[in-house]
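Each chain, letter by letter, is given below.
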Amino acid sequence: MELSVDFQSFRPLALTLPTVSTKLNWKDYWGAIKVRWGIGRDHYRVTPGIYKVGNPNSESDVFVSANYKLSFDALRKNLGSLNAWILVIDTKGVNVWCAAGKGTFGTDNIVKSIKNTSLESIVKHHTIIVPQLGAVGVAAHIVKKMSGFRVVYGPIHAKDIKPFIQAGYKATPEMREMKFPIQERAKLIPVDLMYGKYKLLIAMAVLVFFSGLDRTGFLFSKMFETSLFPLINIVAAYLAGIGIAPL
């Protein structure tokens, strides 16, 4: 039996959905800088749900994103001039790739989000575009069976979305290849520096303390005199391990 849906009756639902801009403002850039330094990282999230880009209709594409704001922003800024829907699923503020490994960007969560947002009432085509880096956690055939929605795996990078669409929703080999140029590796350094700062301070404090020990007791003069060079070594090793090695 074929199911018939009157999409006009669901128009009020689509009208109430929030619209997001494809242009990032200074708050978005400042937030990205802070989160790269580990400031407010655990709370840098977008509310799960459906968002409008431009003026989408029941034929417009649906892109799936994690609710980590950096992932969400990377997607929406590359959808300029397009009319589309963004389905944001709750990944607990984790990016797509890591969330796919953890299971939060996965089959069950996508199916749950489709049903909770009544996505079948918004689009006719019953197709969602999932980022390739989320594929490890998403079983397309099960999503289809449980929700009725077909999964299309998009390119790795959001910047390739428009060429991907223009090519008939087909990715070139270059769009499927994940590269780690030096500028991408460098982005990981600030947050690692911040996450390890307390371990570094503890190691330095322990070193300084033991440097002041003497047969006669504890000498402050000896502490400062003998700890300088080891402290330099510890800081240098810290910077090398977190900075130079990844680069």
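Values in this document were obtained by computation on a predicted structure and should not be read as measured data.

For the rest of this paragraph, the subject is the confidence of the model for the protein. Put simply, the protein has an average pLDDT of 90, and 94% of its residues get 70 or more. The secondary structure element of the protein with the lowest average pLDDT is helix H1 (residues 11-15), at 60, and the one with the highest is strand E4 (residues 127-130), at 98. Scored below 50 in pLDDT, residues 1-10 makes eight contacts in the model with residues more than four places away or belonging to other chains.

Turning next to the pattern of salt bridges. Enumeration according to the criterion identifies seven salt bridges in this entry. When the shortest N-O distance is used, the salt bridge between Asp28 and Arg76 registers 3.1 Å. Of this pair, Asp28 sits in helix H2 (residues 26-36) while Arg76 sits in helix H3 (residues 69-76), and the two are 48 residues apart along the sequence. Taken individually, Asp28 and Arg76 each receive the classification buried, so the pair is uniform in this respect. For Lys92, the salt bridge is made with Asp90, and the minimal N-O distance between the two is 3.3 Å. If you follow the salt bridges from partner to partner, you end up with Asp28, Lys69, Asp73 and Arg76 in one network.

Moving on: the pairing of strand E1 (residues 49-53). Among the five residues that make up E1, five are buried, leaving the element largely enclosed by the rest of the structure. The sheet contact formed by E1 and strand E3 (residues 84-89) spans five bridges and is antiparallel. Looking at the pairing, Tyr51 lines up with Ile86 of E3.

Cut-off values and rules
- Residues numbered from 1 in each chain as written.
- Predicted model: local features only at pLDDT ≥ 70, side-chain atom pairs only at ≥ 80, totals over all residues.
- Heavy atoms only, no water.
- pLDDT = per-residue confidence, 0-100.
- Helix = DSSP H or I, 4+ residues; strand = E, 2+ residues; numbered from the N terminus.
- Contact = heavy atoms within 4.5 Å.
- Salt bridge = Lys/Arg side-chain N within 4 Å of Asp/Glu carboxyl O.
- Buried < 20%, exposed > 50% of the residue type's maximum accessible area, 1.4 Å probe, protein only.
- Pairing = 2+ DSSP bridges.

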